[in-house]
Amino acid sequence: MSQSSRKRLLWRDLTLFDGLQVLPEPMAVLVEGDHIAGLWPEREFDPALAIGADKVGCGGVMTPGLVDCHTHLVYAGDRAGEFEQRLEGVSYEEIARAGGGILSSVRATRTASEDQLIAASLPRLDVLLADGVTTVEIKSGYGLTVADELKMLRVARRLGELRPVRVMTTLLGAHALPPEYAGRADDYVRLVCEQMIPAVAREGLADAVDVFCEGIGFSPAHCERIFQVAREHGLAIKAHAEQLSNLGGSALAARYGALSADHVEYLDEAGVRAMAEAGTVAVLLPGAFQVLRETQLPPIELLRQYQVPMAVASDANPGTSPICLPTLMAHLACTLFRLTPREALAGMTAHAARALGLPELGRIAVGAPADLCLWDIRQPAELAYAVQAGRLRQRIFCGEITHA
Ligand code: NIG
Ligand code: FE
């Protein structure tokens, strides 16, 4: 498209959170086509800079579009019964070892068609979008056969075609040992390495490979094998690690250059150091922490000390976090983990984008993609402070206003 025919949109008098910090004075933002073309303090703004632009907003808080960098949005069925069991005192691990938990969602997801999964997942995606999400990561992991994992990833990709949102997909074949492989974890890991990863790589269905490194998941040795094969296929690496115990999964993932280690409640200083050295993002999931009524807090102070970027995500899933509201996660990251509102917002924008290997997103900067949110609030901290619907005035995806 030629320069002159590109759409130009102008916002004036904004309080702006740029993905890392709140700017000290009111700002004007110009979007041209799908990119941010100008960013000025109001007092320096010269109307000649934006001749012909549509003035589409004045006042309010602008943030980057939110990035939900860890979800399991595609699944069938629900686990409300298990929620009640847990409230009666049965643990997540006990339910998993008895064949429930993840495996109960696997049973429901295997029998669902792609269209049924789309129908089940779209309303959840719509809630994310109404809460300001412009990029979402979606994992497989409730199929656990080659065909069913591919089915889930295809559904995830289709969701991104049905709605104005960027979808990043992650193969989580090593989420749980499926019943037909009971007692044969080696054989299942071989299936993941020799068939699942090559198939998703061949079909271009996944951007990354994830594992559940845990007693009820997969051992570090198995995860390492999977990381090696993911790397051979040019796929990024992520890990669910140190959620329920410390197996050193985060340090292992960091050694393989992982984009992120997620959960990390039981992460120790050696793990934090390994992540700092590798540039691996710590993805905090306060929804799962709260729903499982966990008590072991992630080592926030150490993560700060070693300057490990902290992202915050919904972990939307039927078991541990049946919640699709990233702004609620910002609130919980503050109240449960004691992040500052600024850290929580950076965790849902700049740092979340980094956890997906997309550092150009989650920022308001000249040249960055125009994924933005305009909120009816006075200061950015309110997004973490109050839990409230109806604050999103505009959601801008790739330079298009998609929600007003
Ligand atoms: O991120 N920890 C493992 N995986 C998910 C939970 C999945 C489930 O229980 O269905 C999580 O918490
Ligand atoms: Fe998860």
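Further up the page is the structure itself.
Residues numbered from 1 in each chain as written. Chains lettered and ligands numbered in written order. Predicted model: local features only at pLDDT ≥ 70, side-chain atom pairs only at ≥ 80, totals over all residues. Heavy atoms only, no water.

## Concerning unusual backbone geometry
Note on backbone geometry: most residues besides glycine have negative phi, and most peptide bonds are trans.
Then step 1. In this model, R293 sits at a positive phi of 50 degrees, which is unusual for a non-glycine residue.
Then step 2. Residue position: R293 is located in the loop between α10 (286-291) and α11 (300-305).
Then step 3. Notably, C398 is not glycine yet its phi reads approximately 50 degrees, a positive angle.
Then step 4. Secondary-structure assignment places C398 in the loop between β15 (392-397) and β16 (400-403). (Helix = DSSP H or I, 4+ residues; strand = E, 2+ residues; numbered from the N terminus.)

## Things to note about the coordination of the iron ion (ligand 2)
Then step 1. Surrounding the iron ion (ligand 2) are the protein donor atoms H70 (NE2), H72 (NE2), H240 (NE2) and D315 (OD), which sit 2.0 to 2.4 Å from the metal.
Then step 2. We note that the donor set of the iron ion (ligand 2) lies within a single chain, spaced as H-x1-H-x167-H-x74-D. Here D315 lies in the loop between β13 (310-312) and α12 (326-337) and H70 lies in the loop between β6 (66-68) and α1 (80-87), a separation of 245 residues in the sequence. Note on accessibility: H70 and D315 belong to one class, buried. (Donors = N, O, S within 2.8 Å, 3.2 Å for Na, K, Ca; no water. Buried < 20%, exposed > 50% of the residue type's maximum accessible area, 1.4 Å probe, protein only.)

## Observations regarding the side chain of E82
Then step 1. Position of E82 relative to the elements: it lies in helix α1.
Then step 2. The buried category is assigned to E82, whose relative accessible area is 7%.
Then step 3. Setting aside anything within four residues of it in sequence, one finds E82 in contact with Y92, I95, G100, G101 and G319. (Contact = heavy atoms within 4.5 Å.)

## Description of the packing of aromatic side chains
Then step 1. A complete count under the given rule lists six aromatic pairs for this structure.
Then step 2. When the centroid spacing of 5.2 Å and the interplanar angle of 65 degrees are considered together, the rings of Y181 and Y188 count as edge-to-face.
Then step 3. Of the residues examined, Y181 reaches a relative accessible area of 17% and is grouped as buried.
Then step 4. For the ring pair F289 and F337, a centre distance of 5.0 Å and an interplane angle of 80 degrees mean the geometry is edge-to-face. A residue pair is termed long-range when its members are at least 10 positions apart, and F289 in helix α10 and F337 in helix α12 qualify at 48 residues. (Phe/Tyr/Trp six-rings, centres within 6.5 Å; stacked < 30°, edge-to-face > 60°.)

## Comments concerning the side chain of K238
Then step 1. Inspection of the secondary structure assignment puts K238 in strand β10 (residues 236-241).
Then step 2. In this structure, K238 is buried with no salt-bridge partner, the nearest side chain bearing the opposite charge being D262 at 4.9 Å.
Then step 3. Engagement of the side chain of K238 in a polar contact is seen with the side chain of S260, the distance being 2.9 Å.
Then step 4. Among the polar contacts listed, one links the side chain of K238 to the backbone oxygen of A355, at a separation of 2.5 Å. (Lys, Arg positive; Asp, Glu negative; His and termini not counted. Salt bridge = Lys/Arg side-chain N within 4 Å of Asp/Glu carboxyl O. Polar contact = N/O pair within 3.5 Å; in protein donor to acceptor, adjacent residues only side chain to side chain.)

## Quick look at the pairing of strand β8 (residues 166-174)
Then step 1. Most of β8 sits out of view: nine of its nine residues are buried.
Then step 2. Of the strand pairs in this sheet, strand β7 (residues 133-139) and β8 are connected by five bridges, and their pairing is parallel. Paired with I138 across the two strands is T169, which belongs to β8.
Then step 3. Bridge count for β8 against strand β9 (residues 208-213) is three bridges, and the pairing is parallel. Across the sheet, residue T170 finds its bridge partner in β9, namely A208. (Pairing = 2+ DSSP bridges.)

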